[in-house]
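# Report on the structure
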Amino acid sequence: MSRPLPAVQLRVPTDEDALAWHRVFADPEVMEFHGGRPAELSVYEELTARQRRHDAERGFCFWTMLDEDGEVVGFTGAQPWPHEGFGPVGEIEIGWRLARSAWGKGYATAAARTTLERVRAAGVERVVAMVDALNERSIAVTRRLGMELAETFTTPQSRRKGYCFRLELSPL
């Protein structure tokens, strides 16, 4: 028997969310599959600004994820694949990153399902998720979403093995 998913709220990231993301992602465990160490605040300032542009232009972005108490616990959403010359160039990537305190509670799955509804409503026909091959928690989320393994890759910078999962979205 599966437990019910938690209620999550998603909002377009604000200027203040850059600081919140910086704080919740300062944990090396959270960053294990994202470079291994926390990023500078300026990285999150640029990222939240880019996400606001994506939302204005496309109707979706990486949204700030809030728990039932309105506390920032991470982000989830979708964006055009941001790397040229590597990976699924031209495709829409979905992703999530959560504070360590939010792991194992269903937030990623609940928020990713909302993301799929929103990108489908925006006219997106297919999404990908790029996941480090050792990130079992994220691989489990892709499976709960019904995504299928499309290819295996090696990242150019870290030389780590990863997986590209795909999901065809049926029209509304």
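Residues numbered from 1 in each chain as written. Predicted model: local features only at pLDDT ≥ 70, side-chain atom pairs only at ≥ 80, totals over all residues. Heavy atoms only, no water.

The next thing to look at is the pairing of strand S2 (residues 62-66). A large share of S2 lies buried, amounting to 5 of its 5 residues. Both strand S1 (residues 9-11) and S2 contribute to a ladder of 3 bridges, which runs antiparallel. Each bridged residue has a counterpart across the sheet, and for Arg11 the counterpart in S2 is Thr64. In terms of strand pairing, S2 meets strand S3 (residues 72-80) through 5 bridges, oriented antiparallel. In the strand pairing of S3, Leu66 is matched with Val72. The turn linking S2 back onto S3 is made up of 5 residues, and Gly70 within it adopts a positive phi angle of 80°. (Buried < 20%, exposed > 50% of the residue type's maximum accessible area, 1.4 Å probe, protein only. Helix = DSSP H or I, 4+ residues; strand = E, 2+ residues; numbered from the N terminus. Pairing = 2+ DSSP bridges.)

Quick reminder: α-helices carry 3.6 residues per turn. Residues three or four places apart thus point the same way. Within helix H4 (residues 136-144), burial applies to Ser138, Ile139, Val141 and Thr142. With its buried residues spanning 155° around the axis, H4 presents them on a single face. Exposed side chains of H4 directed beyond 90 degrees from the buried face belong to Glu136 and Arg143. The elements touched by buried residues of H4 are strand S4 (92-98), helix H3 (107-121), strand S5 (126-132) and strand S7 (161-168). The positive-phi residue at the C-terminal boundary of H4 is Gly146, with phi of around 85°. (Arc of directions from axis to C-beta. Contact = heavy atoms within 4.5 Å.)

Our next topic: the confidence of the model for the chain. Note that predicted coordinates carrying low pLDDT should not be read in detail. Per-residue confidence for the chain gives a mean pLDDT of 90, with 98% of residues at or over 70. For the chain, the element scoring lowest by mean pLDDT is strand S6 (residues 148-154), at 92; S2 scores highest, at 96. (pLDDT = per-residue confidence, 0-100.)

Glancing now at the packing of aromatic side chains. In total, this model carries 5 aromatic pairs according to the counting rule given. With centroids separated by 4.8 Å and ring planes inclined at 45°, the aromatic side chains of Trp21 and Phe75 adopt a geometry described as tilted. Placement of the pair is Trp21 in helix H1 (residues 15-24) and Phe75 in strand S3, with a sequence separation of 54 residues. Of the two residues, Trp21 and Phe75, neither departs from the other in class, the shared state being buried. Residues Phe25 and Phe75 carry aromatic rings whose centres are separated by 5.4 Å and whose planes lie at 85° to one another, so their mutual orientation is edge-to-face. In this pair, Phe25 is assigned in the loop between H1 and helix H2 (41-58) and Phe75 in strand S3, connecting sequence segments 50 residues apart. Each member of the pair, Phe25 together with Phe75, is buried. (Phe/Tyr/Trp six-rings, centres within 6.5 Å; stacked < 30°, edge-to-face > 60°.)

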